[in-house]
Amino acid sequence: MPRPLRVAIVGAGPAGIYAADALLKSEAATDPGVSIDLFERMPAPFGLIRYGVAPDHPRIKGIVTALHQVLDKPQVRLFGNVDYPADITLDDLRAFYDAVVFSTGADADRPLDIPGIGLDGSYGAADFVSWYDGHPDVPRTWPLEAEKVAVLGVGNVALDVARILAKTADELLPTEIPPNVYEGLKANKALEIHVFGRRGPAQAKFSPMELRELDHSPSIEVIVNPEDIDYDAGSIDARRSNKQVDMVAKTLENWAIRDQGDRPHKLFLHFFESPAEVLGEDGKVVGLRTERTELDGSGNVKGTGHFTDWDVQAVYRAVGYLSDELPKLPWDAASGTVPDEGGRVMEGGEHVQSTYVTGWIRRGPIGLIGHTKGDANETVANLLEDHREGRLHTPETPGEEAVVAFLEDRGVAYTTWDGWYRLDAAERARGEAEGRERVKIVEREEMLRASGVEV
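The rules we used
Residues numbered from 1 in each chain as written. Predicted model: local features only at pLDDT ≥ 70, side-chain atom pairs only at ≥ 80, totals over all residues. Heavy atoms only, no water. Helix = DSSP H or I, 4+ residues; strand = E, 2+ residues; numbered from the N terminus. Buried < 20%, exposed > 50% of the residue type's maximum accessible area, 1.4 Å probe, protein only. Contact = heavy atoms within 4.5 Å. Areas by Shrake-Rupley, 256 points an atom, 1.4 Å probe, with all protein chains shown as cover. Pairing = 2+ DSSP bridges. Axes fitted to C-alpha atoms, helices over the stretch in contact; angles between N-to-C directions. Core = buried A, V, L, I, M, F, W, Y, C linked by side-chain atoms within 4.5 Å. Salt bridge = Lys/Arg side-chain N within 4 Å of Asp/Glu carboxyl O. Phe/Tyr/Trp six-rings, centres within 6.5 Å; stacked < 30°, edge-to-face > 60°. Parallel < 35°, antiparallel > 145°, perpendicular 65-115°, else oblique. Left-handed = near helix turned anticlockwise from the far one by under 90°. Nonpolar A, V, L, I, M, F, W, Y, C, P; charged D, E, K, R; others polar.

Caption draft 1: Here's a closer look at the overall build of the chain. Regarding its fold elements, the chain presents 17 helices and 18 strands. Counting only C-alpha atoms, the chain reaches 75 × 50 × 40 Å along its principal axes. Expressed as a percentage of its 455 residues, the buried residues of the chain come to 56%. For the chain, restricting intrachain contacts to residue pairs at least 6 apart in sequence, the fraction spanning at least 24 positions comes to 75%. Of the accessible surface of the chain, which amounts to about 19,700 Å², a share of 49% is contributed by carbon and sulfur atoms.

So this is what it looks like as structure tokens:
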């Protein structure tokens, strides 16, 4: 009797779980069947949704409901708190599985090479996001002494950072933020947040809903300079061809012509300002220098040679995420991705047998969470084609208990899907005691204990 197809997925965020879902919905799931193990370095699953989405976005976090249904399937197991490659290597995985899919995402900050970027008070947005989302591996405090703050970038992460900095702690208290984050935000001194984009309104990467949500807070006054509303032929074409681009531009236009209100925290959206230098004194941020840009007709911009110095005491760069290089896999340092063709990992023009990628580690950190579903479907389709054509390798010990014995012999304190239910219940109980849906547990050891793991 043929055994099930055994697949390991490294990374239990949306990309990895979408890959598991695609496998479960395939013909292989019924004949001969599939057996899927997800390995996650965090004690809890859901990746970006748990540790990358702002706490005041419950609508996006609702995606967890759909992912939950996948992980509830009997063909799927979760091994949390397992680090690749410290706890399990590619060679180890190949010994247990017919195929390995990497979906490790991107959670580091892409660098920005301008003078002064390394000054005290200059931060990466990803680090700040990890702090306010209660990531167990980051410090529990965050310096929030600056009254005027610059955020570099015009994507949704920049909006999240700006919004969290501009809101009051009490506005965020109904969310799942842990106590240390609430106390940190209570001490936040920021009164002015300046968001800078080097191009114009038609080139901003905000999603329309995320942008409009900025204006919903009773404490945030969103301000757009009318002089920053400008379009060239390329910008007009972008608006005509993309409904979301047009919606963003219209929202910004409406904000630019309205009278300024009296909400206490001012959030300025600046366009056509390219960051040139972070200014410092005694090793600390004291300002930001930008160069005014102008459209060149194609939707791109060129510098004008006119510079402005902005009085800010902290700078957050939100210019993109970057994936960590994965040992034993080929790597494209420029894009921060694993080279692939249709999800098949490629090296020297050849497919690295039985090895696949999906999500941001494959195509870079672009698009919304749902966009990774298409990646997963393509990757899984090619994995199953290789399976049908006999191109997958044969693992030495494909039995389901072999990897369990391996982890236990290594002394790896791994969590399970049942453990997630325990952790979830513990967080909800904390929330109920405070009239909230959930209060997130932050410390790794405490997460393990709540998951039923002895530490």
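Don't stop here, the text continues.
Caption draft 2: Structural view of the sheet that holds strand β11 (residues 273-281). Taking strand neighbours across the sheet as the criterion, the three strands line up as β11-β12-β13 in an open arrangement whose pairing is antiparallel. The sheet terminates laterally at β11 and β13 (301-310), the two strands that pair on one side only. Shown here is a sheet whose adjacent strand axes are inclined to one another by a mean of 25°, direction ignored. Relative to β13, strand β12 (residues 284-295) runs antiparallel, the two sharing seven bridges. Bridging from a neighbouring strand, T293 pairs with G303 of β13.

Caption draft 3: How the structure looks around the nonpolar core. Counting residues in each nonpolar core, the largest one holds 53 residues, and the members touching the most others are F128, V151, L269 and Y316. Take this core: its biggest share by element is seven residues, from helix α7 (residues 156-166). With near-sequence residues (within four places) excluded, F128 lies in contact with W142, L144, V161, I164, L165 and Y316. Counting 44 residues, the second-largest nonpolar core is a separate cluster that includes V7, I9, Y18 and I369.

Caption draft 4: Fine view of the pairing of β12. The sheet contact formed by β11 and β12 spans eight bridges and is antiparallel. Among the inter-strand pairings, E277 is bridged to a residue of β12, identified as R289. Between the antiparallel neighbours β11 and β12 lie two residues, among them D282 with a positive phi of about 55°. Between β12 and β13, which pair antiparallel one after the other, the connecting turn spans five residues, and G297 there sits at a positive phi close to 105°.

Caption draft 5: The side chain of D215, seen in detail. You can see D215 is positioned in the loop between α10 (208-213) and β9 (220-224). For D215, a relative accessible area of 18% translates into the label buried. Not counting residues up to four positions away in its chain, the partners in contact with D215 are I220, V222, W255, R258 and R263.

Caption draft 6: Up close: the pattern of salt bridges. Considering all chains together, one arrives at 42 salt bridges under this definition. Among the ionic pairs, K148 bridges to D311, the shortest N-O distance being 3.3 Å. On the criterion of sequence distance, the pair formed by K148 in strand β7 (residues 148-152) and D311 in the loop between β13 and β14 (314-317) is long-range, its members being 163 residues apart. Exposure remark for K148: the relative accessible area of 26% places this residue in the partly exposed category. The partner of D246 in a salt bridge is R239, with the nearest N and O atoms 2.8 Å apart. Salt bridges here are not isolated pairs; linked through shared partners, they connect R50, E176, D424, E427, R428, E437, R438 and K440.

Caption draft 7: Quick peek at the packing of aromatic side chains. Counted under the stated rule, the structure contains 19 aromatic pairs. Ring centres 6.2 Å apart and planes at 80° place the aromatic pair F46 and W417 in the edge-to-face group. Placement of F46 in the loop between β2 (34-40) and α2 (47-51) and of W417 in helix α16 (residues 417-433) is noted, with a sequence separation of 371 residues between them. Take F46: its relative accessible area is 2%, and that puts it in the buried class. According to the relative accessible area criterion, W417 is buried, its value standing at 10%.

Caption draft 8: Structural context of the sheet that holds strand β6 (residues 122-124). Pairing is parallel in the open sheet, where six strands are placed in the order β6-β14-β7-β8-β10-β9. Looking at strand neighbours, the two that pair on one side only are β6 and β9, the edges of this open sheet. The average angle at which neighbouring strand axes cross in this sheet is 20°, direction not considered. Pairing geometry for strand β8 (residues 192-196) and strand β10 (residues 265-270), over five bridges, is parallel.

Caption draft 9: Structural view of the packing of helix α6 (residues 125-132) against α7. As a packed pair, α6 and α7 sit with axes 10 Å apart at the nearest point and diverge in direction by 55°. The orientation of α6 with respect to α7, classified from their angle, is oblique. Between α6 and α7 the crossing geometry is left-handed. The segment α6 lies against α7, with A125, F128, V129 and Y132 engaging V157, D160, V161, I164 and L165. Of the residues contributing to the contact of α6 with α7, the split by class is eight nonpolar, no polar and one charged.

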